[in-house]
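Tertiary structure, described
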Amino acid sequence: MNEHDSERMKGMLETLGYAEVPEPDQADLILFNTCSIRESADSRFIAHLGHAKRHKRNNPDVLIGVGGCWAQSVKDEVFQRFPFVDVAFGPGQIHKLAEFLTSDSLTAQGFFEFEDFPAQLPTKRARDLHAWLQISVGCNMKCSYCIVPSTRGRESSRPFDGLVEEVTRLAADGVREVTLLGQNVNAYGRDLRPQRRTFAELLHAVDAVDGIERIRYTSPHPQDMKEDVVLAHRDLAGVCPHMHLPLQSGSSRILKAMRRTYSRERYLDRVALIREHVPDTSLTTDIIVGFPGETEEDFQQTLEVCEEVGYDSAFTFVFSPRRGTEAAEMTEGLVPHPVKIERMERLVEVVQRRATERAQRFVGRTLDVLVEGPSRNDPTKLRGRSPHNKVVNFTGVATPGDIVPVHITAATSQTLAGEASLLATASAR
Ligand code: SAH
Ligand code: SF4
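- Under an unreviewed UniProt entry, the name given to the chain is tRNA-2-methylthio-N(6)-dimethylallyladenosine synthase, and the source organism is Paraconexibacter algicola.
- For the record of the chain, the UniProt heading Sequence similarities (unreviewed entry) holds the text "Belongs to the methylthiotransferase family. MiaB subfamily."
- Among the UniProt annotations of the chain, the heading Subcellular location (unreviewed entry) holds the following wording: "Cytoplasm".

1. Examining the pattern of salt bridges
- Considering all chains together, one arrives at 35 salt bridges under this definition.
- With a closest N to O distance of 3.8 Å, E20 and K10 form a salt bridge. Residue E20 is found in the loop between α1 (2-15) and β1 (29-34), and its partner K10 is found in helix α1; the two are separated by 10 residues along the sequence.
- For E20, a relative accessible area of 66% corresponds to the exposed category.

2. Things to note about the environment of E276
- Assignment of secondary structure puts E276 in helix α11 (residues 264-277).
- Placed 171 residues apart in sequence, E276 and S105 show a C-alpha to C-alpha distance of 60 Å.

3. Focus on the sheet that holds strand β5 (residues 130-134)
- Read from one edge of the open sheet, three strands run β5-β8-β9, paired in parallel fashion. The outermost strands of the open sheet, each flanked by one partner alone, are β5 and β9 (214-218). The average angle at which neighbouring strand axes cross in this sheet is 20°, direction not considered.
- With five bridges joining them, strand β8 (residues 177-181) and β9 adopt parallel strand pairing. The partner of T179 across the bridge, within β9, is R216.

4. Some details on the packing of aromatic side chains
- Tallied over the entire structure, the rule returns eight aromatic pairs.
- Among the aromatic residues, ring-to-ring pairing joins F32, F45, W70, F82 and F84 into one connected group.
- Over the face of the ring belonging to F160 we find R197, whose NZ or CZ atom lies 3.8 Å from the ring centre.

5. Things to note about the side chain of E177
- Along the chain, E177 falls in strand β8.
- According to the relative accessible area criterion, E177 is buried, its value standing at 6%.
- Within polar-contact distance, the side chain of E177 engages the side chain of R216 at 3.0 Å.
- In contact with E177, not counting residues within four places along its chain, are L129, H130, A131, R214, R216 and L370.

6. Examining unusual backbone geometry
- Residue R193 is joined to P194 through a cis peptide bond whose omega torsion reads 5°.
- You can see P194 is positioned in the loop between β8 and α8 (199-207).
- At the junction of T218 and S219, the peptide bond is cis and its omega measures out at -10° in the coordinates.
- On the secondary structure map, S219 appears in the loop between β9 and α9 (227-235).
- Its identity as a non-glycine residue notwithstanding, K75 has a phi of 45°, on the positive side.
- Relative to the assigned elements, K75 resides in the loop between α3 (69-74) and α4 (77-81).
- One non-glycine residue, Q248, adopts positive backbone phi at about 75°.
- Among the structural elements, Q248 can be located in the loop between β10 (242-244) and α10 (252-257).

Definitions and limits used
- Residues numbered from 1 in each chain as written.
- Chains lettered and ligands numbered in written order.
- Predicted model: local features only at pLDDT ≥ 70, side-chain atom pairs only at ≥ 80, totals over all residues.
- Heavy atoms only, no water.
- UniProt positions renumbered as here; feature names shortened; annotations may be inferred.
- Salt bridge = Lys/Arg side-chain N within 4 Å of Asp/Glu carboxyl O.
- Helix = DSSP H or I, 4+ residues; strand = E, 2+ residues; numbered from the N terminus.
- Buried < 20%, exposed > 50% of the residue type's maximum accessible area, 1.4 Å probe, protein only.
- Pairing = 2+ DSSP bridges.
- Axes fitted to C-alpha atoms, helices over the stretch in contact; angles between N-to-C directions.
- Phe/Tyr/Trp six-rings, centres within 6.5 Å; stacked < 30°, edge-to-face > 60°.
- Lys NZ or Arg CZ within 6 Å of the ring centre and 35° of its normal.
- Polar contact = N/O pair within 3.5 Å; in protein donor to acceptor, adjacent residues only side chain to side chain.
- Contact = heavy atoms within 4.5 Å.

See below:
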């Protein structure tokens, strides 16, 4: 979501005549897009802000802007703590940046209102073939560890027809893959009036747009993962065989304390539903270790779920108390830091071992790979992505944007290796 917010900030700055410079020291405007999901994001940002302050001391005309979730979470306090900041705005107020930059005002300004789905903004896409598409803002869930509801506000869906029109425009512009974005994508459309919509309906409409070959989305909530969405994976050619389904914990007791609104059994039941209809789907997840009150037994249950599901990959996080959240106030059963780290190591071992095992199912198969460019480690090879969202490094000749059949010869937990099939190499020439 933040990457996409940055693309929109860049797009807006370009329409105002700004261009990127290679080094911050050469800039007239230094703009930060901030994240606040964990403490490490905050600390890194504060260090960067220190550099900007020194630059401004030598170049007083430089403007410094701070957008995003960190700005929203501290609001006007940003100007007291960092008086050299000229403009600050929350994630829902990106459009106000243009207003500030085009005004004659010299006084510092902050913009922190929440709005319904904000105005359409120009976007500078980082990748030609791929576009992020924000389908909703905000989040109505109350996960006890999470700062997002307070930084991004209540959930508001973007109107259905406007989304489909935008996908049609993107396809005409050469985009072949879209990722639908929201904090809880499968709650999409319930708030739309006069006509409510569902996420599954949106998947059908996007799949019907000519030129869009691949549709991905992030993140769905297990609570709202219904059969219609699973069937869309089975029935629609464009919807990729990959689902990111955040688990957070494998212990029902901890899930309850997290206010995740599902139990371990209910989560596993969703996995069974997905595997029943689309057995080959890649499943990925998010997991937090060391939540307050997490015992060794609770943690064992997380390991068990990872063993049982066999994720294709997982983002694993050490619990980080966030200001203003319910979990930050919890005092019982706090997990000491070394225990968190030790659990994290054991978790990563299980996740990687299962991911390596699961990845072997691709060896010997031929997968359609969307070519992105040269391989990062070996420039004689090409790099692309399979429909399952696996990075594939392969030998052959192809142009970025091509979808080529690649014969898979080896698999690790993270990447696949292969050779473009002879047919594809001949046609690419
Ligand atoms: N809306 C998405 C997630 C957004 S945040 C969802 O519900 O899936 C991305 C991930 O960061 C979360 O899934 C969670 O695993 C992690 N996370 C959020 N708050 C955290 C915290 N306080 N400490 C550690 N990890 C956290
Ligand atoms: Fe945070 Fe939970 Fe909303 Fe995800 S669903 S953004 S974890 S409150």
